[in-house]
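# Overview (structure and organization)
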Amino acid sequence: MSLIEVEALSKSYQMGVEEVHALRGVDLTVEKGDYIAIMGPSGSGKSTLLNLLGCLDTPTSGRYVLNSRDVSSMAEDDLAQVRNEEIGFVFQTFNLLARATALQNVELPLVYAGVGADERRVRARQALEKVDLLDRITHCPNELSGGQRQRVAIARALVNDPSILLADEPTGNLDSVAGAELLDLLDSLHKTGHTLFVVTHERDVAMHAQSIVHLRDGQIESIEKL
Amino acid sequence: MALQTLRANKMRSALTIVGVVIGITAIVGMTSLVRGFDRSFKAVVEETGPNTIYVAKFSGLSFMSGQDFIDLIRRPNLTPNDARALEALDSVRFTDTMLGSGIGDSSRRLSYRGEETKRLQILGTSELFAEVGFLSLEAGRFFTASELQHRRAVVVLGQGPFQSLFPFTDPIGKKVRVAGQPYTVIGVMGPRPSPGGFNVGQDDIAVIPYTRYESQFGVPGFRMAGGAHRDVTLTVMPRDGQRDAALREIEEVMRIRHGLRLDEPNDFDLVTQDAMLRLWERTTQAVFLALVVISSIALLVGGIGVMAIMTMSVTERTNEIGLRKALGAKRQEILWQFLVEAGVLTLVGGILGVLLGSGTGLLVHFVSGFPISLPWWSFALGLGFSASVGLVFGMAPAIRASRLDPIEALRHE
C-alpha cells in the first residue's frame, strides 16, 4: 500500500452566491521517500491541495488515505492529531513564535503530542542538530538570519518524526544563498528517506524534486518525471 | 506555555489586572476593617453582661424598626417610680436608675482649684451602677445606698476629668465643683472600652447619685414637637436564671403602668445584650452586603478589562493560534491555553490585591489604632474570586480562539 492515496479529490467553496471549485477530481499516489514539487499558476488549486494533503481541511468529495488511514472525513480534533503525528509543515513566512527560543519552538509539536519536558528537550536538540543549529538553540527568532529561521522551522517539522514534510514556498522569503542552502538541506532530508512535498512557482526550486505535479484550474495537468 | 506569553507582555498584563487588583484590595481591606470593628463593638456590648435588661423610653432598636422620632418623643417618660415598681418583681434582683445617659442636656463642666474640664457627661445613677457591669474602679469606692438616699454631694470621676484635674495629686477626698456646686471625690473609674478603640469620650464622664442629680439639675430632657422628653434609663438585673421571666414581668408591669390596651404596642423599649447584638448583626450584614456589591462591581469592571484584553490578544495572535493548530493543538488545548493565561493573570492580580488590602488594613491599624481582623478566609475568597474572574471573563475569547479555522488563522498577519 502506498503512503498517500488520493482519489477524485474535490473541494468547492461558497463565495457569496457563487460556488468556487478549487479542486476538481485530483488523483495522486505517493510512495514513501518520494520528493514531489507542486507547481501551477495562482488560482490553480495549489494551496487547496496543500491544505488537504496537510489535513488542515477536508475535501468536499473524494478520498484521501494517508499512511493507511482515511482522513477525508475526520473530525477537527482527530485531524489535529493526524497533523501532529504525520505531517511536518514548513511555511514561507517561517511562523516561529517570536518570543520563544529556537529550542522552545522546536519542542512545540511535542507539547501537543503529550511528550514529557525532558524528552522534549532531548528530541528538540536532536532535530536542531540535523539542521546544524545546535549553537543557536537559546536564540530567539529575531536573533537568527532568515536561513537559520527556516532551518529552525524544518527542525520543528521533523521533530515528531512525521510521514510527510509539506513545504509551502520554503525559499520565498530567503535570499539566493540561503535559498540554495535550504534546498540542499531538503535534498539531504530526501536522501535520508523523508517524504517531501514542495509547493513553489520557481522552476529552479521544483527541479530538486523527483517529479513535478502541474496543476491548472483545479486539476492535474501533467506529472513531469525528472 | 501560557506563562511565557504573559511574561513577554508585561505591560499589557499589568494593565489588564489593575481592575482586579482594585476589586480584591477593596474586598480584603474592607473585610479586615469591618470585621475588626465588628469584633471590638461586640466586646463593648458584651461588657454589659448577658443578663442585663435596659428599660428605656426608646433606643436604637426602635429607630431600626423604622418608627418615627416624633412618636418616640411622645412616649411617656420613665420615672424613678417605675424603677421601684420593677424592683418589687420576684424575678428582679435590683434596678438601677440612670439619668443623663442619653441625648438630653447633660454636658457640664467640673472644676478644681480654678482648673476646669471640658464639657463632659454627668450621669446620675443609683448605688447599683457599679454592679451592672459598667465600670471598674481604679481608686476609692462607689457611693452607697445611704448616700443616694440622703442626696450626698459625692462624685466618682471618669478617666477624663481625673487626668485633667488631678494629674499629680490623689483626688480622693478632694472637693471639686460639678456645674458650680461642691462635691467630694470618692472614687475614680478605670478606662472604659469603646467601639473601634476610638476615643469617643467614653472616659469623659462623672457619676453622682441620681437623687442629687435630680435636685441639682432636675430630670434631664428637652421639649420637642409637643412632647417633653425625660432622659431616664432603668437597668434591671434579674435574679440568676430568671432573665426571660424578668423580661416578661417587666413588660407586663410597664404596660399596666402606662395603661396600654391589649391591642396597643409597647411604648417603651426593652434592650438586652442579645437584642443589641442581633441589631448589630443586621447592621454589619448590611454593610457586608454593600461591600460585596461594591467589590462585585469593581471585579466586574476588572473582568471586562480582562475580556477586552484577551479578545485583543486572540486577534493579535491569530497567526500563532493557526500555527499551534497546524502543529496538532486540539480545540481544548487552545481553549485551556487562553483560560490559563487569563486565570493566572487575574490570580496574580488577586495576590497583589490581597497584599495591598491587608497592607491597607495594617496601615490603618498602625496609624489610627483602628482594630482590624485579617481572617484567612478573606484571602482565600480574594484569590478564589480573582481566579474566577479570569476564567469567567476569559471564557468567551478563549472559545473564540479555540474555534478559529487553522487555514484562515495561518493566513492572518
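All figures in this text were calculated on a predicted structure; none of them were measured in a lab. (Residues numbered from 1 in each chain as written. Chains lettered and ligands numbered in written order. Predicted model: local features only at pLDDT ≥ 70, side-chain atom pairs only at ≥ 80, totals over all residues.)

Helix and strand counts for chain A stand at 7 helices and 10 strands. Within the span of chain A, comprising 226 residues, buried residues form 47% of the whole. (Helix = DSSP H or I, 4+ residues; strand = E, 2+ residues; numbered from the N terminus. Buried ≥ 20, exposed ≤ 12 C-beta atoms within 10 Å, placed from the backbone.)

Before going further, it helps to examine the sheet that holds strand β8 (residues 195–199) of chain A. Residue and element names in this part refer to chain A. Strand order in the open sheet made by the 6 strands is β6-β7-β8-β3-β9-β10, with mixed pairing throughout. With one partner strand each, in any of the chains shown, β6 (87–90) and β10 (219–225) form the two edges of the open sheet. Going across the sheet, the axis of each strand differs from the next one's by a mean of 20 degrees, ignoring polarity. Examined bridge by bridge, strand β3 (residues 35–39) and β8 share 4 bridges and lie parallel to one another. Bridge pairing links I36 to F197 in β8. Lying over the sheet, helix α5 (residues 146–158) contacts β6 and β7 (164–168), oriented at roughly 170 degrees with respect to β6. (Pairing = 2+ DSSP bridges. Axes fitted to C-alpha atoms, helices over the stretch in contact; angles between N-to-C directions. Contact = placed C-beta atoms within 7 Å.)

Bringing the packing of helix α10 (residues 273–316) of chain B against helix α12 (residues 331–368) of chain B into the picture now. All names here are of chain B. At a minimum axis separation of 11 Å, α10 and α12 run at an interaxial angle of 140 degrees. Comparing their axes, α12 and α10 come out oblique. Both α10 and α12 take part in a crossing whose hand is right-handed. On α12, the residues that touch V306, M310 and V314 of α10 are F338, A342, L345 and T346. Considered class by class, the residues forming the contact of α10 with α12 number 6 nonpolar, 1 polar and no charged. (Parallel < 35°, antiparallel > 145°, perpendicular 65-115°, else oblique. Left-handed = near helix turned anticlockwise from the far one by under 90°. Nonpolar A, V, L, I, M, F, W, Y, C, P; charged D, E, K, R; others polar.)

Attention now goes to helix α13 (residues 376–403) of chain B. For α13(B), with 28 residues, the first-to-last C-alpha span of 40 Å sits near the 40 Å given by 1.5 Å per residue. If you look at α13(B), its biggest bend is around 50 degrees, right at B:M395, and the proline B:P397 turns up within four residues after that. (Expected span 1.5 Å × (residues − 1). Bend = angle between axes of the 7 residues up to and from the residue.)

Bring the parts together and some accessible area is lost; that lost area is often taken as the interface size. With 16 residues of chain B at the contact, the number on the chain A side is 19 residues. Contributing elements (two or more residues each) for the side of chain B that touches chain A: α1 (2–8), α11 (318–326), α12 and α14 (406–411) of chain B. Residue contributions to the side of chain B that touches chain A peak at 5 residues, all from α11(B).

Residues and elements named next belong to chain A. Pairing within the open sheet is antiparallel, and its 4 strands lie in the order β2-β1-β4-β5. Strands at the two margins of the open sheet, each flanked by one partner only, are β2 (18–30) and β5 (69–70). With 5 bridges connecting them, strand β1 (residues 4–15) and strand β4 (residues 61–66) associate as antiparallel partners. Of the residues in β4, the one forming a bridge with I4 is L66.

Before going further, it helps to spend a moment on the pairing of strand β14 (residues 232–238) of chain B. Residue and element names in this part refer to chain B. Summarising burial for β14: 7 of the 7 residues are buried, a large majority. Both faces of β14 are covered, namely the face carrying V232, L234, V236 and P238 and the face carrying T233, T235 and M237. Bridging between strand β2 (residues 92–99) and β14 involves 7 bridges; their strand directions are antiparallel. Directly across from F94, in β14, lies its bridge partner M237.

A word on the packing of helix α3 (residues 102–113) of chain A against α5(A). All names here are of chain A. One way to put it is that α3 packs onto α5 with a least axis distance of 7 Å and a crossing angle of 30 degrees. Comparing their axes, α5 and α3 come out roughly parallel. Classified by chirality, the crossing of α5 by α3 is right-handed. Contacts between α3 and α5 involve A102, N105, V106, L108 and P109 from the first element and V152, A155 and R156 from the second. Of the residues assigned to the contact of α3 with α5, the class counts are 6 nonpolar, 1 polar and 1 charged.

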